[in-house]
Amino acid sequence: MKSILEYDSVELSENGRDLIILDQSLLPNEEKFLHLTSAEQIFYAITLLKVRGASALGLTGALGLAMCMNRFEARTMAEFEKEFMRVKRYLSISRPTAVNLVWGLDRMESCYYRSREVTEGRPAAEAISYIQDQLTTEARTIKLEDVKMCLAISEYGASLLKPGSGILTYCNAGHLAVSRYGTALGPIYYAQQQGYMPKVYACETRPMLQGARLTAYELNKAGVDVTLICDNMASDVMARGKIDVVFFGCDRIAANGDVANKVGSSMLAILARHYGIPCYALGPTGMLDPSAPTGSDIVIEERPSFEVTDMYYDKPMAPKGIKVYNPAFDITPAGLLTGIITEKGIITPDKLGTLK
Ligand code: MRU
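Residues numbered from 1 in each chain as written. Predicted model: local features only at pLDDT ≥ 70, side-chain atom pairs only at ≥ 80, totals over all residues. Heavy atoms only, no water.

**Some remarks on the overall build of the protein chain**
No. 1: Counting its regular elements, the protein chain contains ten helices and 14 strands.
No. 2: For 356 residues, the compact-globule estimate of 2.2 N^0.38 gives 21 Å, and the protein chain sits close to it at 20 Å.
No. 3: Taken over the C-alpha atoms alone, the protein chain extends approximately 70 × 50 × 45 Å along its principal axes.
No. 4: Every one of the 356 residues in the protein chain was classed for burial, and the buried ones make up 56%. (Helix = DSSP H or I, 4+ residues; strand = E, 2+ residues; numbered from the N terminus. Rg over C-alpha atoms; globule rule 2.2 N^0.38 Å. Buried < 20%, exposed > 50% of the residue type's maximum accessible area, 1.4 Å probe, protein only.)

This is the structure:
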């Protein structure tokens, strides 16, 4: 049987014509891989959280755009370029908060312009084939870079752990949310490999249950000691001394170090401060968005009400038509974080701007 760390939550088929994703909306009950072959299928897979997690979204954008362009049959460069820009714009609006999606697509656009320059004056068919190859290579390179970043984050994060450390985590910033290993869960896998046997408490993460369905699933499958708790039990486990450190992921970091992550992350940071427990956000430095001076400048996705009232219940669990507020992310103020664990090291939020 394949270990969870050998699964790819997002990958491009060998011929570059299919985007293959593990359908995370079916986990933990069914492991089903989907072959996506159009921009529309990718868009819906993203909005329905079949593929989710900031880094995985960046990879989906880049690999997905390469896939769409490999399939597109253009007679002229103008036709090819028009379709490239259409798909790029379309995918970029599928989810607003994670910086990675737009970052991945922008990086593909830079690759497109570089390749177009190289092929200036060549026959259209030759130029298009060259650009398709370059786009495919670029998207695969982004994925390899992500693996390296996750490994570095895992090592830095694990340096904070001791044998048997108790870790509280939120949502899913693990293997399923990235290329490999994860950001918040990366140090846990690393520590486990070193024989540290970490003890993880995973918050279920209402309403979409990424903690219960995905984090508990992947850690359990990897043989890590994981205990599932409801989100409102976080204070209890902290008060009982079971938690040495809080690790959660991030979707975007504002210039002042405020962090956007799954709604409820700020609640853990506030609790951690109360109990004197260190609290870290983990993510690559590419999450930093200098165009957002503070967390309040980050657009927070609002999701449909049925996720709160109906999803995962046999019958609706709230009165029909009740008003629902369902933001997907919240902002943890920089001042509540002990640090941000990046691929370049562990830094305090105020030092982010100094990173090169
Ligand atoms: O709505 P989701 O499931 O995409 O939210 C995911 C998170 O909040 C993760 O913590 C974050 O994207 C980091 S993934 C490495």
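**Some words on helix α2 (residues 54-71)**
No. 1: End to end, α2 covers 26 Å across 18 residues, agreeing with the expected 26 Å (1.5 Å per residue, within 8%).
No. 2: Among the 18 residues of α2, 17 are classified as buried, and the element is accordingly described as predominantly covered. (Expected span 1.5 Å × (residues − 1).)

**Focus on the sheet that holds strand β3 (residues 33-36)**
Working definition: the strands of a sheet are paired by backbone hydrogen bonds and lie parallel or antiparallel to each other.
No. 1: As summarised here, the arrangement of the three strands in space is β1-β2-β3, forming an open sheet in which the pairing is antiparallel. If you trace the sheet from one side to the other, it starts and ends with β1 (10-12) and β3, each paired once. The mean angle between the axes of side-by-side strands here comes to 25°, regardless of whether they run parallel or antiparallel.
No. 2: Against the sheet, helix α1 (residues 39-47) touches β2 (19-22) and β3, its axis set at about 140° to β3. (Pairing = 2+ DSSP bridges. Axes fitted to C-alpha atoms, helices over the stretch in contact; angles between N-to-C directions. Contact = heavy atoms within 4.5 Å.)

**Side note on the site of the ligand**
No. 1: Residues in close proximity to the ligand total 17 residues, the closest being Arg52, Ala54, Arg95, Asn261 and Lys262.
No. 2: Within the backbone of Gly53, a nitrogen or oxygen atom sits 3.0 Å from an oxygen atom of the ligand.
No. 3: If the ligand stood free it would expose 410 Å²; the protein chains cover 100% of that surface.
No. 4: Of the residues assigned to the shell around the ligand, the class counts are seven nonpolar, six polar and four charged.
No. 5: When residues are assigned to domains, the shell around the ligand turns out to be shared by domain 1 (4-151) and domain 2 (160-355), each giving three or more. (Near = heavy atom within 4 Å. Polar contact = N/O pair within 3.5 Å; in protein donor to acceptor, adjacent residues only side chain to side chain. Areas by Shrake-Rupley, 256 points an atom, 1.4 Å probe, with all protein chains shown as cover. Nonpolar A, V, L, I, M, F, W, Y, C, P; charged D, E, K, R; others polar. Domains from an automatic or database assignment.)

**So, the nonpolar core**
Across soluble globular proteins, nonpolar side chains have a tendency to be buried as a group.
No. 1: Judged by nonpolar contacts, the single largest core of 67 residues is most densely connected at Met108, Leu135, Leu168 and Val246.
No. 2: Looking at this core element by element, the count peaks at eleven residues for α2.
No. 3: Residue assignment places this core across two domains, with domain 1 (4-151) and domain 2 (160-355) each supplying three or more.
No. 4: Met108 has contacts with Ala62, Leu65, Ala66, Phe84, Leu135, Glu138, Ala139 and Ile142, leaving out every residue within four places of it along the chain.
No. 5: Counting residues in each nonpolar core, the second largest holds 25 residues, with Leu185, Leu214, Val245 and Ile341 among its members. (Core = buried A, V, L, I, M, F, W, Y, C linked by side-chain atoms within 4.5 Å.)

**Quick notes on the domain arrangement of the protein chain**
No. 1: Each assigned domain of the protein chain is listed with its residue range as follows: domain 1 (4-151) and domain 2 (160-355).
No. 2: Just the C-alpha atoms count here: the centres of domain 1 and domain 2 sit 26 Å apart.
No. 3: Counting residues at the interface gives 32 residues for domain 1 and 37 residues for domain 2.
No. 4: Here domain 1 and domain 2 share an interface that buries about 3,100 Å² over both sides, 58% of which is from carbon and sulfur atoms.
No. 5: The partner of Lys221 in a salt bridge is Glu31, and the shortest N-O contact between them spans 2.9 Å.
No. 6: Counting across the domain 1 and domain 2 interface gives 23 residue pairs in polar contact (both at pLDDT 80 or more).
No. 7: In terms of residue count, helix α5 (residues 124-158) provides more of the side of domain 1 that touches domain 2 than any other element does, six residues in total. (Buried area = accessible area lost by both parts, 1.4 Å probe. Salt bridge = Lys/Arg side-chain N within 4 Å of Asp/Glu carboxyl O.)

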